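Given next are the chains, with one letter for each unit.
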Amino acid sequence: MKSPPVNPVLDALPANLMVELEARKAALARAGRKLYDFGLGDPREPTPPFLREALRAAVPEVSQYPSPAGPPSLRRAVAGYLARRFGVAVDPDRQVLPATGAKETIFHLPMAFAGDPRRRKVVLPDPGYPTYEAGARFAGLEPVRVPLTAARRFLLEPGDLPPGLLDETLILWLSYPHNPTGAVAPGDYLERVGRAAVRHGFVVASDECYADVWFDAPPLSMLQVQVENVLAIHSCSKRSGLTGYRSGFVAGDPDLVAVLRRMRAHPGVASPDFVSAAAAAAWSDDAHAEARRLAFREKRDRLAAFFREHGLVAEGSEATLYLWLRVPGGHTSASYALRLLEEGIVVSPGTAFGAAGEGHVRVSLVPTLGDVEEAIERWRTVTA
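Our subject in this report is the structure included herewith.

1. Remarks on the overall build of the protein
Scanning the protein from N- to C-terminus turns up 14 helices and 13 strands. Expected size for 384 residues packed as a compact globule is a radius of gyration near 21 Å; at 21 Å, the protein falls within 12% of this value. Dimensions of the protein, computed from the C-alpha atoms along their principal axes, are close to 55 × 55 × 55 Å. Counting every position in the protein, which comprises 384 residues, the buried fraction comes to 53%.

Here you go:
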């Protein structure tokens, strides 16, 4: 078909600046250059053997459709994790909904709640995870980007927004620990968000996928502040090394979870039961998550020391897999990313996460520690 019909939302979404980087990266790989990929947040640490075995052991002789609600064993494991990690008690049958990874959940979530013509706004952070905007637009809603700054600790403050806007807001996205900056949110901030949600009637969608990748103190969950009007999203990807398994969960306000469960019965997004078995094993164990956290910390500390040595500033960077690096003078986000790529070093330009990301690149703690050391030697030639 020469001129296929196109959903106009596809044209409304911002262009992905990673496309040019990916093309140049592929060209370097074809030329035989070794690449040090700090771009996509897909770690190289092996998936823990006990989780791989849990998946293999659960593959049935007869394959059948999985339930959109997930198996009870997984929901109970999630409830156990929330109790251990955050001291939060949830009903696994009414307040927990397994999901096929965080990205799918984030994309579909606005569709479940887009019914009130008076509430068409989705407030989201800039810089931030691009899927927040994509999900809002495909649900027919209006994304409202709020620039975050280091001076304000990368916090999206509801009190900075006009009350009229908050009254029209359907969903306010939080992302703490924050992708891409690695900033964390203090408890008093989460309390302000919770009060605003109740006062103005919007849903707080709290993306907490990096809650177990931290460097100074364990980050808080929005659920520790309140459950009313709140949905928290978690993932097995970074905590447990299950990026390819595609498993996570949503937990929170039982009335919101019930609506989301109704919607999710339609698109067919349930994880296979053997994946859910591995996820249940992952949420039931904390030792492997701690081991991964320490491995990421070792890489983070090595890179942070190198940046300090050469006068490069990493802002935020208190948690997550990422360092939010300010680009040197004379560079834009894109030009610095391309300059590093000349040395085989792949980073994400800050503008891939929104206009407010200009002046930064995101450095993912993905390569092995040995490759981090090699990359640092290559990086020295750029800083010289």
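Picking up after the structure, the text goes on.
2. Here's the deal with the pattern of salt bridges
A side chain of one charge can pair with a side chain of the opposite charge when the charged atoms of the two come close. Here the structure, examined in full by the defined rule, presents 30 salt bridges. Arg-56 serves as the salt-bridge partner of Glu-53, at 3.3 Å between the closest nitrogen and oxygen. With a gap of 3 residues between them, Glu-53 and Arg-56 both fall in helix H3 (residues 49-57), about one helical turn apart. Of the residues examined, Glu-53 reaches a relative accessible area of 41% and is grouped as partly exposed.

3. Some remarks on the nonpolar core
Ranked by internal contacts, the top residues of the largest apolar core, which has 58 residues, are Trp-173, Val-363 and Trp-379. Residue contacts for Trp-379: discarding those within four places in its chain leaves Phe-306, Phe-307, Leu-312, Leu-325, Tyr-336, Leu-340, Ile-345, Val-347 and Val-363. Residues Leu-51, Phe-154, Ala-197 and Val-230 belong to the second largest nonpolar core, which totals 48 residues.

4. Comments concerning the packing of helix H5 (residues 102-113) against helix H10 (residues 254-264)
Between H5 and H10, the shortest axis-to-axis distance is 9 Å and the interhelical angle comes to 105°. Relative to H10, the element H5 lies roughly perpendicular. Along the contact surface, H5 presents Glu-104, Thr-105, His-108, Leu-109, Ala-112 and Phe-113, while H10 presents Leu-256, Val-259, Leu-260, Met-263 and Arg-264. Here the contact of H5 with H10 is built from residues that sort into 7 nonpolar, 2 polar and 2 charged.

5. Regarding the sheet that holds strand E5 (residues 169-175)
Backbone-to-backbone hydrogen bonds pair the strands of a sheet. The strands run either parallel or antiparallel. Ordered by their spatial adjacency, 7 strands build an open sheet running E2-E8-E7-E6-E5-E3-E4, and the pairing between neighbours is mixed. Each having just a single partner strand, strand E2 (96-99) and strand E4 (142-147) make up the two edges of the open sheet. With direction set aside, neighbouring strand axes in the sheet form an average angle of 20°. Sheet topology note: the E2/strand E8 (residues 248-252) ladder contains 4 bridges and is antiparallel. By the bridge assignment for E8, Leu-97 is matched with Val-250.

6. Brief notes about empty space enclosed by the protein
Overall, the coordinates contain 3 cavities of 30 Å³ or more when judged by the stated rule. Looking at the largest cavity, its volume works out to about 100 Å³. Forming the boundary of the largest cavity are 16 residues, of which Pro-68, Pro-98, Ala-99, Ala-270 and Ser-271 lie nearest the centre. Tallied by class, the residues present in the lining of the largest cavity amount to 8 nonpolar, 7 polar and 1 charged.

7. As for helix H4 (residues 72-86)
Look at H4: 21 Å from first C-alpha to last across 15 residues, which is about the 21 Å you get at 1.5 Å a residue. Buried within H4 are the following residues: Leu-74, Arg-75, Ala-77, Val-78, Ala-79, Tyr-81, Leu-82, Arg-85 and Phe-86. Residues of H4 that are buried sit in contact with E2, strand E7 (230-235), helix H9 (236-240), E8 and helix H11 (273-283). Among the residues trailing H4, Gly-87 stands out with phi positive, at a value near 70°.

8. Quick look at unusual backbone geometry
Each neighbour pair has its own omega, and for Asp-126 with Pro-127 the value is 10°, a cis peptide bond. Even without glycine at this site, Arg-153 takes up a positive phi of about 60°. Within the fold, Arg-153 resides in the loop between E4 and helix H7 (163-167). Since its relative accessible area comes to 47%, Arg-153 is described here as partly exposed. Unlike most non-glycine residues, Asn-229 shows phi in positive territory, near 70°. On the secondary structure map, Asn-229 appears in the loop between strand E6 (203-207) and E7.

Quick notes on the rules
Residues numbered from 1 in each chain as written. Predicted model: local features only at pLDDT ≥ 70, side-chain atom pairs only at ≥ 80, totals over all residues. Heavy atoms only, no water. Helix = DSSP H or I, 4+ residues; strand = E, 2+ residues; numbered from the N terminus. Rg over C-alpha atoms; globule rule 2.2 N^0.38 Å. Buried < 20%, exposed > 50% of the residue type's maximum accessible area, 1.4 Å probe, protein only. Salt bridge = Lys/Arg side-chain N within 4 Å of Asp/Glu carboxyl O. Core = buried A, V, L, I, M, F, W, Y, C linked by side-chain atoms within 4.5 Å. Contact = heavy atoms within 4.5 Å. Axes fitted to C-alpha atoms, helices over the stretch in contact; angles between N-to-C directions. Parallel < 35°, antiparallel > 145°, perpendicular 65-115°, else oblique. Nonpolar A, V, L, I, M, F, W, Y, C, P; charged D, E, K, R; others polar. Pairing = 2+ DSSP bridges. 1 Å grid on protein atoms, 1.4 Å probe; cavity = no way out; pocket = protein on both sides within 12 Å on 5 of 7 lines; lining within 4 Å. Points joined across faces, edges and corners; volume = space filled by probe spheres on them. Expected span 1.5 Å × (residues − 1).

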